[in-house]
Amino acid sequence: MHGQLNLVSVGPGSTELIPPRARAAIERSEVIVGYGLYLKWIQPWLEGKEIHELPLTQERDRAALALKIARSGRTVSLVSSGDIGVYGLAPLVFEMLEATDKLDVQVIPGITAALSCASLLGAPLGHDFATLSLSDLLCPWPWIEERATLLARSDLAVVLYNVQSEARRDGVYRILDIFLHHRPGTIWCGTVRNAYREGEATAVCSLKELRERNFDMLTTLVIGTRFTKRTGPFLYAPRGYHGWETQKPIPPQAVWLFTGTRDGNKLAAECAAQGMATVVSVATEYGATQALRHSPESAIVSGRIGQTARTNLLKQSKARAVVDATHPFSTAISSQLMAICGELNIPYLRFNRPKSWLPSHVLAAGSMEEAANIARAQGNRIFISTGVKDLNTFTKTTDREWFARITPGVESLERALAAGLPASHICAMQGPFSQRANESLWLDWQIDCVVTKDSGETGGLPAKIAAAHALKIPLVVVQRPEINYPSFTETTDAVLGWLKALPVDA
Ligand code: SAH
């Protein structure tokens, strides 16, 4: 008679999540081999059986023992948590199986940690995902980092197993840094400790916050993608990606327009209407939806992907020209684009929004620092709408009350709070704002001075000038930083003319 070897999965740790087939296999077995904790969950079915408990680390011994018993002609169940085939003992048994073995081997599937943990977080694995174990006992650490890099660059949700042990404290942070290098710090992540067991704990946080936490070997992490959404305590992957049927691959030899502003998107639409292959590159998801709306013919690239990735994209797609229509205060991206274009020999043109005409009652400042000084001399309840980046320049002096309007993103809100603004002094809302919207907010907050920056007409400056004028409060406007663009223009026609004059094979 042949021995029977059941490789039995018993799920995350609750009797209710043990598959009936696993229970049947255990009940018909004479011998059970497993780790103490797992045996506790199946206690009621163990009566009268021969039990072999081995410590967690002696996996090879457990597999070998189960095989030996089966070879003697008996029926044995080797028990593993989650799914026995996922970072479990099943592969080990197959490795040890001899060609001459005449055994009836059955693998009984179970709910692996990725799935049990995901269920407690909502549905973060609703679309493509991958799992990665951070245990370097079975895989050399450099390979783990290499895999993490490839996964981080992909659009997959990623589940991390064997996250952190007493002996391996730093590895997980190196892996999270890799993800932070390739994905925005604001994407949603979840942690689950002891899913469906005593001591169960779940948490949802941003990728950046995840980097600040401590874990252990009872924890599983889920790293979301830029599409992962949150609703109340739950995370989920949207079932379809918005407008994906209109998302185009990057065409070769295209004109690349770096925008994020309405003028930039309009410009892209004009170029596309003239029959040019166009790519619109924006920094944020919001920018991408706007670009899709205003320039549906263009392929869209979104995210702060960094200089190296950007260089590669432009190089591989043989970009024909770069039009830099980014925000006039985004000097970092402009400098980066000029450097890349210089390196790759791609023609570069800066598209500047026309500077705003400043009426005489407006106070001009050359820098944020100067604006803060002027504002403090002018008022006590000061409204800042220069963006979160510069808030500290204002709030570091605490003898005035500072108020701010910021974009409604988690990261902006965090930065505003970190700059010391109380929640009651923050308005997080997507612009542009009408004169009336400005007036009513400033009236409600009893604002007596406003600071903004010259971002041109579509940045909403005229509405602020008019509102400040109507309320008779001073308006401080920070002037644009001076950058030396190699060539620039202020009109759509001039950009189109420049593009048409480019050599065809440039
Ligand atoms: N075969 C198991 C995985 C073994 S690797 C399975 O399919 O689930 C061990 C890792 O799994 C742990 O470090 C942890 O990351 C994860 N894990 C297993 N059970 C878990 C649970 N109940 N809650 C959270 N994570 C769990």
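What counts, and where the lines are drawn
Residues numbered from 1 in each chain as written. Predicted model: local features only at pLDDT ≥ 70, side-chain atom pairs only at ≥ 80, totals over all residues. Heavy atoms only, no water. Axes fitted to C-alpha atoms, helices over the stretch in contact; angles between N-to-C directions. Helix = DSSP H or I, 4+ residues; strand = E, 2+ residues; numbered from the N terminus. Parallel < 35°, antiparallel > 145°, perpendicular 65-115°, else oblique. Left-handed = near helix turned anticlockwise from the far one by under 90°. Contact = heavy atoms within 4.5 Å. Nonpolar A, V, L, I, M, F, W, Y, C, P; charged D, E, K, R; others polar. Patch = residues over 30% accessible without salt bridge, like charges linked within 9 Å, V, L, I, M, F, W, Y side chains within 5 Å. Areas by Shrake-Rupley, 256 points an atom, 1.4 Å probe, with all protein chains shown as cover. Salt bridge = Lys/Arg side-chain N within 4 Å of Asp/Glu carboxyl O. Pairing = 2+ DSSP bridges. Core = buried A, V, L, I, M, F, W, Y, C linked by side-chain atoms within 4.5 Å. Buried < 20%, exposed > 50% of the residue type's maximum accessible area, 1.4 Å probe, protein only. Polar contact = N/O pair within 3.5 Å; in protein donor to acceptor, adjacent residues only side chain to side chain. Phe/Tyr/Trp six-rings, centres within 6.5 Å; stacked < 30°, edge-to-face > 60°.

### Things to note about the packing of helix 11 (residues 306-316) against helix 12 (residues 331-344)
- With their axes 10 Å apart at the nearest point, helix 11 and helix 12 run at an angle of 45° to one another. Considering the angle they form, helix 11 stands oblique to helix 12. Seen from above, helix 11 lies across helix 12 with right-handed handedness. Contact residues: helix 11 offers Gly 306, Gln 307, Arg 310, Thr 311, Leu 314 and Lys 315, while helix 12 offers Ile 333, Gln 336, Leu 337, Ala 339, Ile 340, Glu 343 and Leu 344.
- Residue composition of the contact of helix 11 with helix 12, grouped by class: six nonpolar, four polar and three charged.

### Thoughts on a nonpolar patch on the surface
- Taken together, the side chains of Ile 111, Leu 115 and Phe 129 present a nonpolar region at the surface, about 230 Å² in accessible area.
- Secondary-structure assignment places Phe 129 in strand 7 (residues 129-133).

### Things to note about the sheet that holds strand 20 (residues 381-385)
- In space, the six strands of this open sheet follow the order 19-24-23-20-21-22, with parallel pairing throughout. Edge positions in the sheet fall to strand 19 (362-365) and strand 22 (426-428), since each of these pairs with one other strand and no more. Neighbour-to-neighbour, the strand axes of the sheet open up by a mean angle of 20°, direction not taken into account.
- In the sheet, strand 20 pairs with strand 21 (residues 401-406) via four bridges, with the strands oriented parallel. Bridge pairing in strand 21 links Phe 383 to Phe 403.

### Some points on the nonpolar core
- Ranked by internal contacts, the top residues of the largest apolar core, which has 26 residues, are Leu 160, Ile 175, Phe 179, Leu 210 and Ile 223.
- Mapped by element, the contributors of at least two residues to this core are strand 7, helix 6 (141-153), strand 8 (157-161), helix 7 (171-182), helix 8 (207-210) and strand 11 (219-223).
- The biggest single contributor to this core is helix 7, with six residues.
- When sequence neighbours within four positions are dropped, the list of residues in contact with Leu 210 reads Leu 176, Cys 189, Thr 191, Cys 205, Phe 215, Leu 221 and Ile 223.

### Details of the side chain of Ser 165
- Assignment of secondary structure puts Ser 165 in the loop between strand 8 and helix 7.
- Within the structure, Ser 165 has its side chain in polar contact with the backbone nitrogen of Arg 168 (distance 3.1 Å).

### Let's talk about the packing of aromatic side chains
- One pass over the structure, following the stated rule, counts 10 aromatic pairs.
- Summarising the aromatic geometry, the rings of Phe 403 and Trp 445 are spaced 5.1 Å apart at their centres and angled 35° between planes, so their arrangement reads as tilted. Of the two residues, Phe 403 is situated in strand 21 and Trp 445 in the loop between helix 16 (435-444) and strand 23 (449-453); the sequence distance between them amounts to 42 residues.
- Taking the relative accessible area as the measure of exposure, Phe 403 reaches 1% and is therefore buried.
- Since its relative accessible area comes to 14%, Trp 445 is described here as buried.

### Some words on helix 17 (residues 461-471)
- All of the buried residues along helix 17 are Leu 461, Ala 463, Lys 464, Ile 465, Ala 467 and Ala 468.
- Against the buried residues of helix 17 lie strand 19, strand 20, strand 21, helix 16, strand 23 and strand 24 (475-478).
- Two residues or fewer after helix 17 comes Lys 472, characterised by a positive phi angle close to 55°.

### Considering the environment of Gly 420
- Secondary-structure assignment places Gly 420 in the loop between helix 15 (410-418) and strand 22.
- On the basis of relative accessible area, Gly 420 is assigned to the exposed category, the value being 55%.

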